[in-house]
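Observations on the model geometry
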Amino acid sequence: PPALSDDDGPVWAAASSTRPHRSVVVRQRWGQRGSPTTRVKDTARIAYQVTNRGDQAHAVGLRIMLDTMLGQNDGAPLRAGDTAITSATRLSGDKIPDYWQAFDSLSHPAVISQGTLRGKGITPPDRVEMVDWGTLADSPWDFPFPAGRDFIRRGEQEPDTAVALYWDPQPLAPGETRTYATLYGVGGVSLSPAQLSLGLTAPAEVEYHYDAPPEFSIVAYVENSGGFDSRGTTCTLQLPAGLKLVEGEATADLGLLKAGETRQLGWRAAPTGEQWGPLKITAVVTSQNLESNQVTRELIVVSPPQISLSVSAPGRLSVTPRNRYSPNPFPVKVVAENQGAQTGENLVVTLDLPPGLELAAGQRNVVVRPRLSPDRPETITWQVRALGLPTGKLALKVKAVAAGAKPASAAAVISVPELTPEFRVYPRAQTVPALTDGKPTMIPISVKLAPARRFSGCRVTVGYDSTVLEPLYVSRGEAFVDAGRLLSPWSEGRKRQGRL
């Protein structure tokens, strides 16, 4: 594939299409990334971008082949989860681990390599095939899989390991682009050489989310470097407060561990949300005849988005000499801050108003922002009107949620005084428009009682100039409706010349 820049290098990869065509373009991208287990930029992100520039769909897949070599060792076992893989092995579905590692020795490792298969910015493969390099080099795509065969290429004598990542062919529409990405680089293993050498690996950091606490893999490697068989060997994983086991027993009985033998154990763990920051996980190995050993590894639990809300609003509304509230509408200002270490995606802030308060026209009580960053507060302001009923101390509430964050809420109390009930006629004065093509113009006249406190009934008389106006209809409006129920009795009254 063509490189995008001078620092891009070649990677063995193959694209498969059921209908190969020059319109399918593959581009390779390389870049340095921090390893998930070391927090150092010692890892390559290998990405392939596949674009269909034609006018027909193609079923396109990708295979990446990695030729693993550790210093001078070209055939070290490949280690995935709690399994040391020493022969041709195919992994698929939930058997695919978060990462795989390879090293030649725990007591004197030359290089520890790691391929990361799941995580942020990574496309998990459909299957992983670990086999000798020659088989993969001779077959650019698929081949009869030699399950269980050792890593020695046919016709050769020395083992030579390699790993192939497969993304099965999927339809790629005209104009569509798809990206496949994986990580390969240095693996982070905390080591403690001894008679029973210990290695412990886990992610360097884990981002906690309240709505979906993440699970992660912990792997311990035990190598008998003491020159004598170890009897009654056990390995125990110790987790601090803030972490819990979700899969596997804390203590594993390894029994007899022969001299030079390496065994590995795997666990699944998850943060509990009780503590953030650096946490220590420890593995302890014991034996009946060899000295005990232990190794500790630091794991950082990154605190989730933590929403803090503050609400400001008038503590009390005033009443003007004209029997009106002031200010009305009035502002309700909400400031949302993120006191966690992660950005909260899709911030949703909701304003709940009690009876007696309503939003000014054209506003919605739900506001959505794309994110809430730890260093950038979000400010939202609503304009709210007091209706006059009910009155007293009215409490409004604000709620906020964001991806990964615990919901937050805040409240404010506004004192709304009583108004003096009064009749109001709208409009107070109006000019009657001239007839247009002999067609009459309808003039609405509203009579309102504000505020309508403890209202039970009334009689209204409307006078008009019968030489220019004619009554059409009378409606009870809202004054004679209570809780969705029509009040009775109701009468439209009598229409007489000049009076209604």
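The text that follows walks through the structure, step by step, so that each part is easy to find. Just so it is clear, the structure is predicted and the values come from calculations on it, not from any experiment.

**A look at the overall build of the protein**
In terms of helices and strands, the protein carries one helix and 36 strands. Taken against the 2.2 N^0.38 rule, which gives 23 Å for 500 residues, the C-alpha radius of gyration of the protein at 37 Å runs more than 25% over that of a compact globule. Dimensions of the protein, computed from C-alpha atoms along their principal axes, come out at roughly 120 × 60 × 40 Å. Within the protein, the proportion of its 500 residues that are buried is 41%. In the protein, the proportion of contacts linking residues at least 24 apart, taken out of those at least 6 apart, comes to 70%. In the form shown here, the protein has an accessible surface area of approximately 26800 Å², with 49% of it arising from carbon and sulfur atoms. Each charge sign in the protein was given a centre, from 53 positive and 49 negative side chains, and these centres are 16 Å apart.

**Structural notes on the layout of surface pockets**
In this structure, the second largest pocket spans a volume of roughly 800 Å³. Along the wall of the second largest pocket there are 25 residues; nearest its centre are P36, R118, G119, K120 and E205. Here the element with the most residues in the lining of the second largest pocket is strand β15 (residues 205–207); it accounts for three residues. Its residues placed into classes, the lining of the second largest pocket shows nine nonpolar, seven polar and nine charged.

**Re the pattern of salt bridges**
For the structure on display, the rule yields 16 salt bridges. Ionic pairing is found between R127 and E129, a salt bridge with its closest N-O pair at 3.1 Å. We note that R127, like E129, is buried. Residue R268 is joined to E215 by a salt bridge in which the shortest nitrogen-to-oxygen separation is 3.9 Å. Here R268, found in strand β20 (residues 262–271), pairs with E215, found in the loop between β15 and β16 (216–224); they are 53 residues apart in sequence, far enough to count as distant.

**Regarding the packing of aromatic side chains**
A full pass over the atoms with the stated rule returns eight aromatic pairs. Relative to Y210, the ring of Y208 has its centre 5.5 Å away and its plane inclined at 85 degrees; by these criteria the two rings are edge-to-face. Residue Y210 is classed as partly exposed on the basis of its relative accessible area, which comes to 27%. Pairing Y208 with W276 gives two aromatic rings, centres 5.4 Å apart and planes at 45 degrees, and the pair type is tilted. Pair noted here: Y208 is in the loop between β15 and β16 and W276 is in the loop between β20 and β21 (277–286), with a separation of 68 residues, a long-range link. Residue classification places Y208 among the buried residues on the basis of a relative accessible area of 6%. Members of the aromatic cluster, each reached through a chain of ring pairs, are Y208, Y210 and W276. Stacked on the ring of F145, the Lys or Arg R90 has its end atom at 4.6 Å from the ring centre.

**Side note on the side chain of N323**
With respect to the helices and strands, the residue N323 is situated in the loop between β24 (318–319) and β25 (325–326). With a relative accessible area of 10%, N323 lands in the buried category. Here the side chain of N323 touches T420 through a polar contact of 2.7 Å, landing on its backbone oxygen. Not counting residues within four places of it along the chain, the set of residues in contact with N323 comprises L419, T420, E422 and R424.

**Describing the nonpolar core**
Ranked by internal contacts, the top residues of the largest apolar core, which has 31 residues, are I307, L309 and W382. Listing elements by their share of this core, those giving two or more residues are β23 (307–312), β26 (330–338), β27 (344–352), β28 (357–359), β29 (366–372), β30 (378–386), β31 (392–401) and β32 (408–416). Here this core takes five residues from β32, the largest share from any one element. Each residue touching W382, except ones within four places of it in the same chain, is listed here: F330, P331, V332, V334, V349, L351, L359, Q363, R364, N365 and V367.

**Brief notes about the sheet that holds strand β13 (residues 190–192)**
In spatial order, the strands read β13-β14-β16-β20-β18; together these five strands make up an open sheet with antiparallel pairing. Among the strands making up the open sheet, the edge pair consists of β13 and β18 (243–247). Between one strand axis and the next, the sheet turns by 30 degrees as a mean value, whatever way the strands run. Examined bridge by bridge, β16 and β20 share eight bridges and lie antiparallel to one another. Paired with V222 across the bridge in β20 is R263.

Parameters and conventions
Residues numbered from 1 in each chain as written. Predicted model: local features only at pLDDT ≥ 70, side-chain atom pairs only at ≥ 80, totals over all residues. Heavy atoms only, no water. Helix = DSSP H or I, 4+ residues; strand = E, 2+ residues; numbered from the N terminus. Rg over C-alpha atoms; globule rule 2.2 N^0.38 Å. Buried < 20%, exposed > 50% of the residue type's maximum accessible area, 1.4 Å probe, protein only. Contact = heavy atoms within 4.5 Å. Areas by Shrake-Rupley, 256 points an atom, 1.4 Å probe, with all protein chains shown as cover. Lys, Arg positive; Asp, Glu negative; His and termini not counted. Charge placed at Lys NZ, Arg CZ, Asp CG, Glu CD. 1 Å grid on protein atoms, 1.4 Å probe; cavity = no way out; pocket = protein on both sides within 12 Å on 5 of 7 lines; lining within 4 Å. Points joined across faces, edges and corners; volume = space filled by probe spheres on them. Nonpolar A, V, L, I, M, F, W, Y, C, P; charged D, E, K, R; others polar. Salt bridge = Lys/Arg side-chain N within 4 Å of Asp/Glu carboxyl O. Phe/Tyr/Trp six-rings, centres within 6.5 Å; stacked < 30°, edge-to-face > 60°. Lys NZ or Arg CZ within 6 Å of the ring centre and 35° of its normal. Polar contact = N/O pair within 3.5 Å; in protein donor to acceptor, adjacent residues only side chain to side chain. Core = buried A, V, L, I, M, F, W, Y, C linked by side-chain atoms within 4.5 Å. Pairing = 2+ DSSP bridges. Axes fitted to C-alpha atoms, helices over the stretch in contact; angles between N-to-C directions.

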